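Each chain is listed here by its residues.
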Amino acid sequence: MTQEYTERSVTADSEEPPGGSRVRSLLDRLRRSRGIWRRGIVLALFAVLFGLLMLLHASIPNTIGNLGSLVETFLPWFGVVIPLILILGLVRRSATALIALLLPAVVWVNSFGGLLTDKTDDSKGAGDLTVATHNVNADNPDPTRTAREIAASGVDVVALQELPNGAVPTYEKALAGTYRYHSVQGTVGLWSKYPLSGTEPVDIRLGWVRAMRSTVTTPKGPVAVYVAHLPSVRVKLHAGFTANQRDKSADALGEAIGHERLRRVVLLGDLNGTMNDRSLTAITAQMRSTQGAAGHGHGFSWPASFPMARIDQIMVKGIEPKSSWTLPETDSDHLPIAARVELG
């Protein structure tokens with residue numbers, strides 16, 4: 001009887017355990033292997049702090065070098081750090097680090113995951129007005145070619161920024177065949193296939209004209225179109241993110257749009273800031289980004305050679321975005337961007 005019992009025991013132990021037993025066996029080994037929990041504590045702490053930085057970015061003060069706005073400008077790029085933490089966690093065989101990585105991963109996906117999906121409405125007849133905006137660069141070596149490339153895009157309304165006085169006639173001549181109506185105010189201009197009226201500069205508290213407003217009379221009715229080029233920002237070691245003048249101009253532009261009488265409004269321009277930047281709240285709180293609502297990807301527009309941020313914006317109010325995209329590179333340091341919207 002003893003011999004029979006021993007043989008049966010050996011035979012049973014040599015058989016592979018069922019699926020549930022394998023899982024329990026793996027969990028038992030993980031509990032006994034304390035090293036995978038002890039390793040990578042510093043990496044795990046970094047992952048948690050990194051996740052909290054993304055989650056609480058709005059709490060970063062702007063009082064010191066506009067640090068909050070600087071972080072928010074490049075916030076989408078924080079996602080690049082997540083796979084690096086993952087690789088280091090795997091190399092270190094640290095379960096603690098991999099679990100801690102869930103926090104920044106969830107925060108980033110919740111904030112920017114939607115931008116990775118294609119929200120373009122490709123249905124037949126979607127949209128009835130196509131608009132574009134382009135900072136053509138005051139030092140553009142070939143304004144004629146840039147203007148022709150924009151005209152070849154087929155958009156109905158196009159806004160240009162950073163127009164030097166000497167180059168305005170060149171742009172006017174190159175665009176005349178496509179756009180019957182146009183107006184240049186200071187260093188910004190608007191070209192349209194539909195009539196313009198009520199055109200005037202918009203005071204954005206600069207002392208010179210870098211913004212304008214005009215009524216575009218489309219087949220579906222009037223649309224207020226604003227063109228703006230907000231002041232540039234700089235990152236300086238001794239001063240941080242110098243954006244004070246940009247912020248004041250953004251407030252002034254937001255105030256002008258807030259007082260607009262027409263229900264349908266389009267803003268085209270180089271805002272020198274992203275949709276995440278709290279300093280543009282006076283504008284972003286009342287308008288929708290066409291890229292965020294109907295684009296594919298982040299739609300970065302600057303610098304043209306290696307786009308890292310979308311500081312050129314098409315925003316709408318009382319209008320439904322249908323698609324949004326970047327146009328091919330010109331001789332400017334910005335990419336032109338375009339959108340198709342439905343006026344209803």
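Residues numbered from 1 in each chain as written. Predicted model: local features only at pLDDT ≥ 70, side-chain atom pairs only at ≥ 80, totals over all residues. Heavy atoms only, no water.

**Student:** Teacher, can you tell me more about the sheet that holds strand β11 (residues 288-289) here?
**Tutor:** Backbone-to-backbone hydrogen bonds pair the strands of a sheet. The strands run either parallel or antiparallel. Pairing is mixed across the open sheet formed by 6 strands, whose spatial order is β5-β6-β7-β10-β12-β11. Of all the strands in the sheet, just β5 (196-201) and β11 have a single pairing partner and so form its edges. Relative to strand β7 (residues 221-229), strand β6 (residues 211-218) runs antiparallel, the two sharing 8 bridges. For S214, the partnering residue across the bridge sits in β7 and is V225. Against the sheet, helix α11 (residues 244-258) touches β7, β10 (265-270) and β12 (312-317), its axis set at about 175° to β7. (Pairing = 2+ DSSP bridges. Helix = DSSP H or I, 4+ residues; strand = E, 2+ residues; numbered from the N terminus. Contact = heavy atoms within 4.5 Å. Axes fitted to C-alpha atoms, helices over the stretch in contact; angles between N-to-C directions.)

**Student:** Sorry if this is basic, but what is going on with the environment of R39 here?
**Tutor:** Note that R39 resides in the loop between α3 (35-38) and α4 (41-55). R39 sits in the partly exposed class, given a relative accessible area of 26%. Expressed as a C-alpha distance, the spacing of R39 and G89, which sit 50 residues apart in the sequence, is 9.1 Å. For R39, the residues in contact, after removing those within four places along its chain, are R92, R93, S94 and T96. Polar contacts involving the side chain of R39 include one to the main-chain carbonyl oxygen of R92, which spans 3.0 Å. (Buried < 20%, exposed > 50% of the residue type's maximum accessible area, 1.4 Å probe, protein only. Polar contact = N/O pair within 3.5 Å; in protein donor to acceptor, adjacent residues only side chain to side chain.)

**Student:** How should I be thinking about the packing of aromatic side chains in this particular structure?
**Tutor:** What describes a pair of aromatic rings is the distance from one ring centre to the other and the angle between the planes of the rings. Summed over all chains, the structure comprises 5 aromatic pairs. Plain terms: the ring middles of F46 and F50 are 5.9 Å apart, the flat faces sit at 20° to each other, and that makes the pair stacked. Here the residue F46 and the residue F50 both occupy positions in helix α4, the gap between them amounting to 4 residues, near one helical turn. Through a chain of ring-to-ring contacts, the aromatic side chains of F46, F50 and F78 assemble into a single cluster. (Phe/Tyr/Trp six-rings, centres within 6.5 Å; stacked < 30°, edge-to-face > 60°.)

**Student:** What should I look at first to understand the pattern of salt bridges in this one?
**Tutor:** Opposite charge on two side chains lets them pair, provided their charged atoms get close. The full count for this structure, using the stated rule, is 10 salt bridges. Put simply, D247 and R246 hold a salt bridge, and the shortest N to O gap is 2.8 Å. Note on D247: relative accessible area 12%, which makes it buried. On the basis of relative accessibility, which here comes to 0%, the residue R246 falls in the buried class. (Salt bridge = Lys/Arg side-chain N within 4 Å of Asp/Glu carboxyl O.)

**Student:** Got a minute to help me understand the packing of α4 against helix α6 (residues 81-92) in this structure?
**Tutor:** Put simply, α4 and α6 touch, their axes get as near as 11 Å, and they point 160° apart. The angle between α4 and α6 falls in the class roughly antiparallel. In the crossing of α4 with α6, the sense of the turn from one axis to the other is left-handed. Counting all contacts with α4, which are made through L43, F46, A47 and F50, the residues of α6 involved are V81, I82, I85, L88 and G89. When the residues that make up the contact of α4 with α6 are grouped by side-chain class, the tally is 8 nonpolar, 1 polar and no charged. (Parallel < 35°, antiparallel > 145°, perpendicular 65-115°, else oblique. Left-handed = near helix turned anticlockwise from the far one by under 90°. Nonpolar A, V, L, I, M, F, W, Y, C, P; charged D, E, K, R; others polar.)

**Student:** How do you make sense of the sheet that holds strand β13 (residues 320-326) when you look at a structure like this?
**Tutor:** Spatial strand order, β3-β4-β2-β1-β14-β13: 6 strands in an open sheet with mixed pairing. Every other strand in the sheet has two partners, leaving β3 (181-185) and β13 as the edge strands with one partner each. Averaged over all adjacent pairs, the angle separating strand axes in this sheet is 15°, with direction ignored. Pairing of β3 with strand β4 (residues 188-192) involves 5 bridges; the strand directions are antiparallel. Looking at the pairing, V184 lines up with G189 of β4.

**Student:** I would appreciate a short explanation of the nonpolar core in the present structure.
**Tutor:** Proteins that are soluble and globular tend to have nonpolar side chains buried together. Formed by 22 residues in total, the largest nonpolar core has its most connected members in L190 and L268. Mapped onto this core, the elements with two or more residues apiece are β1 (129-135), β2 (157-161), β4, β6, β7, β10, β12 and β14 (337-342). (Core = buried A, V, L, I, M, F, W, Y, C linked by side-chain atoms within 4.5 Å.)

**Student:** I tried to follow helix α8 (residues 102-112) on my own but got confused; where do I start?
**Tutor:** Since there are 3.6 residues in each turn of an α-helix, residues three or four apart along the chain are aligned in direction. Those residues of α8 lying buried are P104, V107, W108 and F112. Within α8, the buried residues cover an arc of 95° as seen down the axis, which keeps them to one side. In α8, those exposed residues whose orientation departs by more than 90 degrees from the buried face are L102, V106, V109 and N110. Buried-residue contacts for α8 involve α4, α6 and α7 (95-100). (Arc of directions from axis to C-beta.)

**Student:** Where do I start with unusual backbone geometry in this structure?
**Tutor:** Peptide bonds are, in most cases, trans, and in most cases residues other than glycine have a negative phi. That bond from W302 to P303 is cis: its omega, -15°, falls within 30 degrees of zero. Tracing the backbone through its elements, the reader meets P303 in the loop between α13 (290-294) and β12. Even without a glycine there, the phi angle at R205 is positive, about 60°.

**Student:** It is not clear to me how helix α10 (residues 168-175) should be interpreted in this structure. Could you clarify?
**Tutor:** Among the residues of α10, those classed as buried are V168, Y171, A174 and L175. Along the axis of α10, the buried positions cluster into a sector of 135°, meaning they face one direction only. Buried residues along α10 sit in contact with α9 (143-151), β2, β3 and β4.

**Student:** What is the right way to look at the pairing of β2 in this model?
**Tutor:** With 5 of its 5 residues buried, β2 lies for the most part within the structure. The sheet contact formed by β1 and β2 spans 5 bridges and is parallel. Residue pairing for β2: V131 is matched across the bridge by V157. The β-α-β motif built from β1, the intervening α9 and the parallel element β2 has right-handed crossover chirality. Of the strand pairs in this sheet, β2 and β4 are connected by 5 bridges, and their pairing is antiparallel. Each bridged residue has a counterpart across the sheet, and for L160 the counterpart in β4 is G189. (Right-handed = clockwise from strand over helix to strand, strands pointing away.)

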